[in-house]
Amino acid sequence: MKRCPFHRVDHSPWPFLTAWGLGLTAISFVQFLHGEPLYWVLVSLGGSVLCIYWWFVDIVTEATFMGKHTIRVQRGIRIGFCFFLLSESMFFISFFWAFFHSALAPSMVCGFYWPPEMETMKCTGIPLINTGLLLGTIYPCNVAQSAVKAGFFYTFLLWLGIVMVMGAFFVGLQAWEYYTAKFTMADGIYGSCFFALTGLHGLHVIGGLVFLFVAWSRGLLGHFSSDRHLNLTFAVWYWHFVDGIWVVVYSFVYVWSNWGWQWSFSELFVKFVSPVVYYLDHYYENY
């Protein structure tokens, strides 16, 4: 009988249990916001994490030791992961949409100014250092991936470890920035947009670090070869996605909102449009 190139997935309880665990986590978190104890949130979240862990243990076993992830299966997984990154992009676009809706047309709620007349987050200092850290991980990520393809696994472990250390520093500095911020999420539209965008990105950085750590651990255990290292490829793709999102976040949420953009539209007209109109009118009067 000819072997099928596709993977016929065995029956597994983990998708069902994971869905239940995440649903209970959401419900218990809503109850926590209404005064219930945090205990049930931690229990349901811990159960969800355990279900996800054993689910991925089964996937790694099928891929590495049972040989069920054939070339055809890997092609489908690549396409699925690309669609996952696309869905993540749409997720961030929705948050950026909220930011630009308020930034490009400030309403009366924020005094027709963007950002509102408050002490905003500076674009130098910690944010600039974090930008350097994330952009600095691009080179070691690519070196680690090239090292695996060439069969230099010690080099791969070294450079991927450097990436994880730099990412951990990013998360630590982001937490310190939140701790020392002069405003909170409750301080108007600016505070909500700032903490929503940077916090969402920070969660994705933590997820990317977990992704990279799994790839590093599997490399240490000898699960990868120069031809089969799909886990590492996806981890690097995801990390580059996180880098790209941060460039957009830093450019608009920090730089664009901080360097001289605290004007209303009437002030913009007075500062820029009126001198041009006056110059053109004076020019045509003389000639």
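Each value, and the rule that gives it
- Residues numbered from 1 in each chain as written.
- Predicted model: local features only at pLDDT ≥ 70, side-chain atom pairs only at ≥ 80, totals over all residues.
- Heavy atoms only, no water.
- Helix = DSSP H or I, 4+ residues; strand = E, 2+ residues; numbered from the N terminus.
- Buried < 20%, exposed > 50% of the residue type's maximum accessible area, 1.4 Å probe, protein only.
- Contact = heavy atoms within 4.5 Å.
- Areas by Shrake-Rupley, 256 points an atom, 1.4 Å probe, with all protein chains shown as cover.
- UniProt positions renumbered as here; feature names shortened; annotations may be inferred.
- Expected span 1.5 Å × (residues − 1).
- Axes fitted to C-alpha atoms, helices over the stretch in contact; angles between N-to-C directions.
- Parallel < 35°, antiparallel > 145°, perpendicular 65-115°, else oblique.
- Left-handed = near helix turned anticlockwise from the far one by under 90°.
- Nonpolar A, V, L, I, M, F, W, Y, C, P; charged D, E, K, R; others polar.
- Core = buried A, V, L, I, M, F, W, Y, C linked by side-chain atoms within 4.5 Å.
- Patch = residues over 30% accessible without salt bridge, like charges linked within 9 Å, V, L, I, M, F, W, Y side chains within 5 Å.
- Salt bridge = Lys/Arg side-chain N within 4 Å of Asp/Glu carboxyl O.
- Bend = angle between axes of the 7 residues up to and from the residue.
- Polar contact = N/O pair within 3.5 Å; in protein donor to acceptor, adjacent residues only side chain to side chain.

Peer 1: Help me understand the overall build of the chain in this model?
Peer 2: Looking only at helices and strands, one finds nine helices and zero strands in the chain. Counting from the amino terminus, the chain carries its helices and strands in the arrangement α-α-α-α-α-α-α-α-α. Residue burial in the chain is summarised as follows: out of 287 residues, 37% are buried. Long-range contacts, defined as pairs at least 24 residues apart, comprise 78% of the intrachain contacts of the chain with a sequence gap of at least 6. Here the chain displays about 17500 Å² of accessible surface, and carbon together with sulfur accounts for 73% of that area.

Peer 1: Would you explain the UniProt feature "transmembrane region" (unreviewed entry) in the chain in this entry?
Peer 2: On the UniProt side, "transmembrane region" (unreviewed entry) is annotated at positions that read residues 12–32, 38–56, 77–99, 152–176, 188–216 and 236–256 here. What you have in residues 38–56 is 95% helix and 0% strand, and the ends, taken at the C-alpha atoms, are 27 Å apart. Annotated as residues 236–256, this span is 100% helix and 0% strand, and its ends, taken at the C-alpha atoms, are 29 Å apart.

Peer 1: Even after reading the chapter, I still don't get helix α3 (residues 71–104), so can you show me in this structure?
Peer 2: Residues lying three or four places apart along an α-helix face the same way, a consequence of the helix completing one turn every 3.6 residues. Under the 1.5 Å per step criterion, the end-to-end length of α3 is 48 Å for 34 residues, consistent within 8% with the ideal 50 Å. On its buried face, α3 is in contact with α7 (188–220) and α8 (230–258).

Peer 1: I tried to follow the packing of helix α5 (residues 138–150) against α8 on my own but got confused; where do I start?
Peer 2: At a closest axis distance of 11 Å, the pairing of α5 and α8 adopts a crossing angle of 165°. By the angle between their directions, the pair α5 and α8 is classed as roughly antiparallel. The way α5 lies across α8 gives a crossing that is left-handed. Across the interface between the two elements, Ile 138, Cys 141, Asn 142, Ala 144, Gln 145 and Val 148 of α5 pack against Leu 232, Thr 233, Val 236, Trp 239, His 240 and Asp 243 of α8. The residue makeup of the contact of α5 with α8, split by class, is seven nonpolar, four polar and one charged.

Peer 1: Teacher, can you tell me more about the nonpolar core here?
Peer 2: The tendency in soluble globular proteins is for nonpolar side chains to be buried as a group. Within the largest apolar cluster, 52 residues are counted, with the highest numbers of intra-cluster contacts made by Phe 99, Phe 156, Phe 194, Leu 232, Trp 239 and Tyr 254. Going through the elements one at a time, α3, α4 (126–136), α5, α6 (153–180), α7 and α8 are the ones with two or more residues in this core. Of all the elements, α8 adds the most residues to this core, at 17 residues. Beyond its immediate chain neighbours, meaning those up to four positions away, Phe 99 contacts Trp 114, Cys 193, Leu 197, Phe 252, Val 253, Trp 256 and Ser 257.

Peer 1: Help me understand the packing of α4 against α5, please; the structure alone is not making it clear to me.
Peer 2: Working note: a packed helix pair is described by the angle between its axes plus the distance between those axes. Here α4 crosses α5 at 15°, and the two axes come no closer than 5 Å. Considered as vectors, α4 and α5 are oriented roughly parallel to each other. Along its contact with α4, which presents Leu 134, Leu 135 and Gly 136, the element α5 presents Ile 138, Tyr 139 and Pro 140. Of the residues assigned to the contact of α4 with α5, the class counts are five nonpolar, one polar and no charged.

Peer 1: Can you walk me through a nonpolar patch on the surface in this structure?
Peer 2: On the surface, Ile 79, Phe 83, Leu 86, Met 90, Ile 93 and Trp 97 cluster together to form a nonpolar patch covering roughly 680 Å² of accessible area. Locating Met 90 in the fold gives a position in helix α3. Judged by its relative accessible area of 46%, Met 90 falls in the partly exposed class.

Peer 1: Mind showing me how you'd approach α8 here?
Peer 2: In this model α8 runs 41 Å from its N-terminal to its C-terminal C-alpha over 29 residues, within 8% of the 42 Å that 1.5 Å per residue would give. A maximum bend of about 25° is found in α8 at Tyr 250. Buried residues dominate α8, accounting for 22 of its 29 residues.

Peer 1: Looking at this model, I keep getting lost on the environment of Phe 84. Mind explaining?
Peer 2: Checked against the element boundaries, Phe 84 lands in helix α3. Judged by relative accessible area, Phe 84 falls into the partly exposed class, the value being 35%.

Peer 1: How should the side chain of Thr 198 be read in this particular structure?
Peer 2: Counting through the fold element by element, Thr 198 comes out in helix α7. Among the polar contacts made by the side chain of Thr 198, one reaches the side chain of Tyr 178 at a distance of 2.6 Å. Once you skip the residues sitting within four places of it in the chain, Thr 198 turns out to touch Gln 174, Tyr 178, Val 249 and Tyr 254.

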